[in-house]
Amino acid sequence: MAANFVIPAKMKAWVYREHGNAADVLGLDPELELPEVQEGQVLVKVLAAALNPIDTHRVTGVFQLPGFSLPAVPGYDLAGIVVKVDRKVKELKVGDEVFGIADEHGTLAEYTAVKESSLALKPKKLSFEESASLPLTIQTAHGGLERAGLCPGMSLLVLGGAGGVGTLTIQLGKEVFGAARVAATCSTGKLDLLKSLGADLAIDYTKVNFEDLPEKFDVVYDAVGQSERAVKAVKPGGSVVTIAEHNKTLPPPAFSFIGTSDGSTLEKLNPFLESRKVKPVIDPKSPFPFTQAIEAFSYLQTGRAAGKVVIHPIA
Ligand SMILES: NC(=O)c1ccc[n+]([C@@H]2O[C@H](COP(=O)([O-])OP(=O)(O)OC[C@H]3O[C@@H](n4cnc5c(N)ncnc54)[C@H](OP(=O)(O)O)[C@@H]3O)[C@@H](O)[C@H]2O)c1
């Protein structure tokens, strides 16, 4: 029998009514109206959320989606429970535990409305916190490696191996794409983290210039914005994908990649998550409680997070 949930008319949500620094413009609204569930959407009771650099760019206004308007709730990543479905929703039902990307209404709120196609069932063996840490970064890692043509037996260099995207790119490179050798860059204190994720070679960028190493790679995945240097580390005929440089001419063979929200990728990766062959990496300062969302933004903005900045519990 389908579960029944009492859905309130108003909710707690972090809201920005103008663009600026998160610390200046984000406010906790105790009585925001719940979003309407549109065609093909479900209403999710958000139990955990995670932050990404793009959340900062949206709050400051550096990045804006077409049709975007203020006021707005920040946040893409979520894990939670479906509490209502539109009649055109095909698979999901009330009571399902889900994770994914909310690209319209934001996730730093008790409830959000999301397209069914952007969600997948939460891996049973992962907590809501762990699940919320994954969607945007794992889809960006997977999509970028796919576009770069990483194949079994190839070598991979990940620039920015300790970040939200990098920690997953190392693991997907090894476990999902079958790379024979994975190298990754980070600062001194994070070398052990990279090795624990399966990196064969952890390069301390404070001591070594990766492009000066004699070893060259079939694929370089740039999550820092170092394409000029990255192209010097790739083998002839290899690929360089960057997710951190978009509005500039990139040196060949580098190309830019932008991830999209797609629940089917999350479904495809489910066996690797359930078996923990690919593990969520949550920054040790996480989770931040909902009331400390501004502190969570400030921490993310240091650019030093190891894995993901998660917000839990919500409200
Ligand atoms: N195109 C897309 O679809 C897409 C999607 C997601 C993210 N992005 C972009 O990709 C970038 C990474 O995102 P993220 O979520 O992984 O960010 P993040 O989690 O905030 O990255 C933080 C990590 O970056 C590392 N780092 C900083 N400078 C470094 C350097 N010079 N060399 C190596 N590592 C360095 C830090 O490690 P240390 O402390 O060791 O330096 C830290 O662990 C951001 O620019 C983001 O906007 C793009």
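The protein is annotated in an unreviewed UniProt entry as Enoyl reductase (ER) domain-containing protein of Corymbia citriodora subsp. variegata. Among the UniProt annotations of the protein, the heading Sequence similarities (unreviewed entry) holds the following wording: "Belongs to the zinc-containing alcohol dehydrogenase family. Quinone oxidoreductase subfamily."

A. Representation of the pairing of strand E10 (residues 201-204) within the structure. Sheet topology note: the strand E9 (residues 181-186)/E10 ladder contains four bridges and is parallel. In the sheet register, alanine 183 faces E10, and the bridge partner there is leucine 201. With helix H6 (residues 191-196) bridging E9 and the parallel E10, this β-α-β connection has right-handed handedness.

B. The packing of helix H2 (residues 53-60) against helix H9 (residues 293-301), seen in detail. At a minimum axis distance of 10 Å, the contact between H2 and H9 shows a crossing angle of 110 degrees. In terms of orientation, H2 and H9 fall into the roughly perpendicular class. In this structure, the crossing between H2 and H9 has a hand that is left-handed. Across the interface between the two elements, Pro53, Asp55, Thr56 and Val59 from H2 touch Phe297, Leu300 and Gln301 from H9. Looking at the contact of H2 with H9 residue by residue, the classes come out as four nonpolar, two polar and one charged.

C. Seen up close, the sheet that holds E9. In spatial order, the strands read E10-E9-E8-E11-E12-E13; together these six strands make up an open sheet with parallel pairing. The sheet is open, and its two borders are formed by E10 and strand E13 (254-256), each paired with just one other strand. On average, each strand axis in the sheet is tilted by 20 degrees relative to the strand beside it, whichever way the strands run. Where strand E11 (residues 217-222) meets strand E12 (residues 234-242), five bridges bridge the pair, whose relative direction is parallel. Bridge pairing links valine 220 to valine 240 in E12. Against the sheet, helix H4 (residues 135-148) contacts strand E8 (155-159), E11, E12 and E13, and its axis sits at roughly 145 degrees relative to E11. Along the sheet, helix H5 (residues 164-175) makes contact with E8, E9 and E11, crossing E8 at roughly 175 degrees.

D. Region of the structure containing empty space enclosed by the protein. Evaluated as defined, the whole model comprises one cavity of 30 Å³ or more. Counted as a void, the largest cavity has a volume near 40 Å³. A breakdown of the residues in the lining of the largest cavity according to their chemical character gives four nonpolar, one polar and two charged.

E. Structural view of the site of the ligand. Residues in contact with the ligand amount to 25 residues; listed here are only the nearest, Ser187, Lys190, Tyr205, Gly259 and Ala305. Within the side chain of lysine 190, a nitrogen or oxygen atom sits 2.5 Å from an oxygen atom of the ligand. If the ligand stood free it would expose 920 Å²; the protein chains cover 84% of that surface. Listed by contribution, the elements that provide at least two residues to the shell around the ligand are H4, H5 and E9. Grouping the amino acids of the shell around the ligand by side-chain chemistry returns 13 nonpolar, 10 polar and two charged.

F. Highlighting the packing of aromatic side chains. In this structure the tally under the stated criterion is three aromatic pairs. Here the aromatic rings of tryptophan 14 and phenylalanine 290 are separated by 6.4 Å at their centres, their planes lie at 65 degrees, and the arrangement is edge-to-face. Remark: phenylalanine 290 occurs in the loop between helix H8 (263-274) and H9 and tryptophan 14 occurs in strand E1 (residues 10-16); sequence separation between them is 276 residues. Taken as a pair, tryptophan 14 and phenylalanine 290 share a single burial class, namely buried. With 6.1 Å between their ring centres and 35 degrees between their planes, phenylalanine 288 and tyrosine 299 make a pair best called tilted. Taken together, the residues phenylalanine 288 in the loop between H8 and H9 and tyrosine 299 in helix H9 connect sequence positions 11 residues apart. Of the two residues examined, phenylalanine 288 and tyrosine 299, each falls in the buried class. For the cation-ring pair, lysine 45 lies above tyrosine 111, with the distance from its terminal atom to the ring centre recorded as 5.3 Å.

The rules behind the values
- Residues numbered from 1 in each chain as written.
- Predicted model: local features only at pLDDT ≥ 70, side-chain atom pairs only at ≥ 80, totals over all residues.
- Heavy atoms only, no water.
- UniProt positions renumbered as here; feature names shortened; annotations may be inferred.
- Pairing = 2+ DSSP bridges.
- Helix = DSSP H or I, 4+ residues; strand = E, 2+ residues; numbered from the N terminus.
- Right-handed = clockwise from strand over helix to strand, strands pointing away.
- Axes fitted to C-alpha atoms, helices over the stretch in contact; angles between N-to-C directions.
- Parallel < 35°, antiparallel > 145°, perpendicular 65-115°, else oblique.
- Left-handed = near helix turned anticlockwise from the far one by under 90°.
- Contact = heavy atoms within 4.5 Å.
- Nonpolar A, V, L, I, M, F, W, Y, C, P; charged D, E, K, R; others polar.
- 1 Å grid on protein atoms, 1.4 Å probe; cavity = no way out; pocket = protein on both sides within 12 Å on 5 of 7 lines; lining within 4 Å.
- Points joined across faces, edges and corners; volume = space filled by probe spheres on them.
- Near = heavy atom within 4 Å.
- Polar contact = N/O pair within 3.5 Å; in protein donor to acceptor, adjacent residues only side chain to side chain.
- Areas by Shrake-Rupley, 256 points an atom, 1.4 Å probe, with all protein chains shown as cover.
- Phe/Tyr/Trp six-rings, centres within 6.5 Å; stacked < 30°, edge-to-face > 60°.
- Buried < 20%, exposed > 50% of the residue type's maximum accessible area, 1.4 Å probe, protein only.
- Lys NZ or Arg CZ within 6 Å of the ring centre and 35° of its normal.

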